[in-house]
Amino acid sequence: MKRKITKAIFPVAGLGTRFLPATKSIPKEILTLVDRPLIQYAIDEARAAGIKEFIFVTARGKSALEDYFDHAPELEATLRKQGKKELLDTLKATNMDSGAIAYIRQHKAMGLGHAVWCAKRLVGNEPFAVILTDDVIAAEKPCLQQMVEAYAETGGNIVAAMEVPPEKTSAYGILDIGEDMGSMVTVKNMVEKPKAEEAPSNLAVIGRYILTPNIMQNLSRLKKGAGGEIQLTDAIAEEIRRGEKVYGFRFRGQRFDCGSKAGFLQATVAFGLAREDLNGEFSQFLAEMTALRRAAE
Ligand code: UTP
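Rules used in this analysis
- Residues numbered from 1 in each chain as written.
- Predicted model: local features only at pLDDT ≥ 70, side-chain atom pairs only at ≥ 80, totals over all residues.
- Heavy atoms only, no water.
- Core = buried A, V, L, I, M, F, W, Y, C linked by side-chain atoms within 4.5 Å.
- Buried < 20%, exposed > 50% of the residue type's maximum accessible area, 1.4 Å probe, protein only.
- Helix = DSSP H or I, 4+ residues; strand = E, 2+ residues; numbered from the N terminus.
- Contact = heavy atoms within 4.5 Å.
- Near = heavy atom within 4 Å.
- Polar contact = N/O pair within 3.5 Å; in protein donor to acceptor, adjacent residues only side chain to side chain.
- Areas by Shrake-Rupley, 256 points an atom, 1.4 Å probe, with all protein chains shown as cover.
- Nonpolar A, V, L, I, M, F, W, Y, C, P; charged D, E, K, R; others polar.
- Phe/Tyr/Trp six-rings, centres within 6.5 Å; stacked < 30°, edge-to-face > 60°.
- Lys NZ or Arg CZ within 6 Å of the ring centre and 35° of its normal.
- Disulfide = S-S within 2.5 Å.
- Axes fitted to C-alpha atoms, helices over the stretch in contact; angles between N-to-C directions.
- Parallel < 35°, antiparallel > 145°, perpendicular 65-115°, else oblique.
- Left-handed = near helix turned anticlockwise from the far one by under 90°.

Let's talk about the nonpolar core
Now for step 1: Grouped together as the largest cluster of nonpolar side chains are 40 residues, with contacts concentrated most on F10, F54, L144 and I158.
Now for step 2: Counting residues per element, the ones that place at least two in this core are β1 (7-11), α1 (38-48), β4 (53-58), β6 (128-131), α7 (143-154), β8 (157-163), β11 (203-211) and β12 (246-250).
Now for step 3: At 6 residues, the largest contribution of residues to this core is made by α7.
Now for step 4: Among all residues touching F10, those that are not within four sequence positions of it are A42, I43, A46, F54, I55, F56, V57, I131 and T133.
Now for step 5: In this structure, C118, Y209, L232 and A235 belong to the second largest nonpolar core, which totals 32 residues.

Structure below.
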C-alpha cells in the first residue's frame, strides 16, 4: 500500500565523537557549513519533499538543537527596527510551525536502529522517512524529493544508495543487488559494514530512507548487531527475508559525509564555492593556497 510520506525522523542522538572536542558542548548537527547548521540543510530537504511532521530523536547535551528551532522574537524585532530585511527573512526561514516538530529522547546511544525505534509511537502505522543529517547532499532536486517521487511509483522500502570504492565498503551498509534497473535496484540482502572481500557489491546505503511501518515492528524484536548496536540495516534486511520489497535508489547529486572531518571540510569548500556572495574571494584564496602548496612540494 502506498501512502503519502508526511513524517520524517531525524536521529540526532549520536555522540559525535569524531568531532571532539567541539561536540563536548555543541551538537554535531549545529556545526555550520558556511552559515547554516547541518540540521537546517536536512530540514529544508525534508520540506521540499512534502514532509509536515519533523521528529527529532535527541539525547542529553543536545538542547542547543531544540533552541535552534525556537522563534527569536527579540532578534527579529531588532533586525526589523534596523531595516535588515534580508537577515530577517533568513531568520524567519528557520522558524518551524507550532506542532510540526517533536522531540523524543534516546536515553542511551544504542545504535541508529534503536534511535529510529524510539520514534515508533510518534510515527504510528504510516510509512515514514529517515534523514541522517551527517549526509549532506547537493542536488538540483533534493534527494528525499527524488525518493518520494520514486516511492509514488513503487511503494515498499527505499534506501538511498551510491557506489563507493571497494576499500570503503566496511564503512557502510552494502546492498546485494537483485535486478538493476538503473536508478532503482531491487535488493536481495543488506550487509552492515562488510570487508571488501565479503561485500556483495559496492553499492552503499547512505542516510536517506523511506520505510514501511513493519520496520518498526522488526526493530522492536531486534538484538544487537554489528558493533554491538541495534542496526537499522538488520531491520530492513528482515523485510527482504519476509518477501517485502526493498529498493536501492541511485540518487542524482553529490553527497558529503559531514560526520567525518574530511567530508565536512570538502562540503565547506563546495558550499562556499557555490555561494555567489563568497565565490570570488574564496576561489581566489583556494587557487593561491593550491599554488603555494605546489611550490612547496
Ligand atoms: P554515527 O555512526 O555517525 O555516530 O551515527 P555518531 O555518534 O553521530 O558520530 P561518531 O561516530 O561518534 O563521530 C549516524 C547517525 O545516527 C545517529 C547519529 O546522531 C547520526 O545522525 N545515532 C547513532 C543516533 O541517533 N543514536 C545512536 O545510538 C547512534
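Following the structure, the description resumes.
What to know about the side chain of E45
Now for step 1: Looking at the secondary structure, you find E45 in helix α1.
Now for step 2: When neighbours within four sequence positions are excluded, E45 is seen to be in contact with P142, C143, L144 and R208.

Here's the deal with the site of the ligand
Now for step 1: Inspection of the region around the ligand gives 17 residues, with L15, T17, K28, Q106 and G111 positioned closest.
Now for step 2: G16 has a polar backbone atom sitting 3.0 Å from an oxygen atom of the ligand.
Now for step 3: Taking D134, its side chain carries an N or O atom lying 3.3 Å from an oxygen atom of the ligand.
Now for step 4: When the ligand is considered free in solution it has 570 Å² of accessible area, and contact with the protein chains removes 82% of it.
Now for step 5: In the shell around the ligand, the residues fall into 8 nonpolar, 5 polar and 4 charged.

A word on the packing of aromatic side chains
Now for step 1: Applying the stated criterion across every chain, the model contains 8 aromatic pairs.
Now for step 2: Aromatic pair F10 and F56: ring centres 4.9 Å apart, planes at 15 degrees, arrangement stacked. With F10 in strand β1 and F56 in strand β4, this pair connects stretches of sequence that are 46 residues apart. Like F10, the residue F56 is buried in the burial classification.
Now for step 3: Considering the side-chain rings of F56 and F69, the 5.3 Å spacing of their centres and the 40 degrees angle between planes classify their relative orientation as tilted. Taken together, the positions of F56 in strand β4 and F69 in the loop between α2 (63-68) and α3 (73-81) put the pair 13 residues apart, joining distant regions of the chain. Each member of the pair, F56 as well as F69, carries the same accessibility label: buried.
Now for step 4: Taken together through their ring pairs, the aromatic side chains of F10, F54, F56, Y68, F69 and Y103 make up a single cluster.
Now for step 5: A cation sits over an aromatic face here: R36 above Y41, 4.5 Å from the ring centre.

A few points about the state of the cysteines
Now for step 1: What the rule picks out here adds up to 0 disulfides.
Now for step 2: Cysteine C143 remains unbridged, with the sulfur of C258 as its closest cysteine sulfur at 14 Å.
Now for step 3: The exposure class of C143 is buried, given its relative accessible area of 0%.

Re the packing of α3 against helix α4 (residues 85-92)
Working note: a packed helix pair is described by the angle between its axes plus the distance between those axes.
Now for step 1: Axis separation between α3 and α4 bottoms out at 8 Å; the angle between their running directions is 160 degrees. When the axis of α3 is compared with that of α4, the two are roughly antiparallel. Between α3 and α4 lies a crossing whose hand is left-handed. Of α4, the residues touching α3 (which contributes L75, E76, L79 and R80) are L87, L88, L91 and K92.
Now for step 2: Looking at side-chain class alone, the contact of α3 with α4 contains 5 nonpolar, no polar and 3 charged residues.

Here we look at the side chain of T233
Now for step 1: Structurally, the position occupied by T233 is in helix α9 (residues 232-241).
Now for step 2: The buried category is assigned to T233, whose relative accessible area is 8%.
Now for step 3: One polar contact links T233 to E192, side chain to side chain, over a distance of 2.4 Å.

Brief notes about the packing of helix α10 (residues 261-274) against helix α11 (residues 276-296)
Now for step 1: With their axes 6 Å apart at the nearest point, α10 and α11 run at an angle of 125 degrees to one another. Relative to α11, α10 is oriented oblique. For the pair formed by α10 and α11, the contact residues are T268, V269, G272, L273 and A274 on the first element and E276, L278, N279, F282, S283 and L286 on the second.
Now for step 2: Partitioned by chemical class, the residues of the contact of α10 with α11 number 6 nonpolar, 4 polar and 1 charged.

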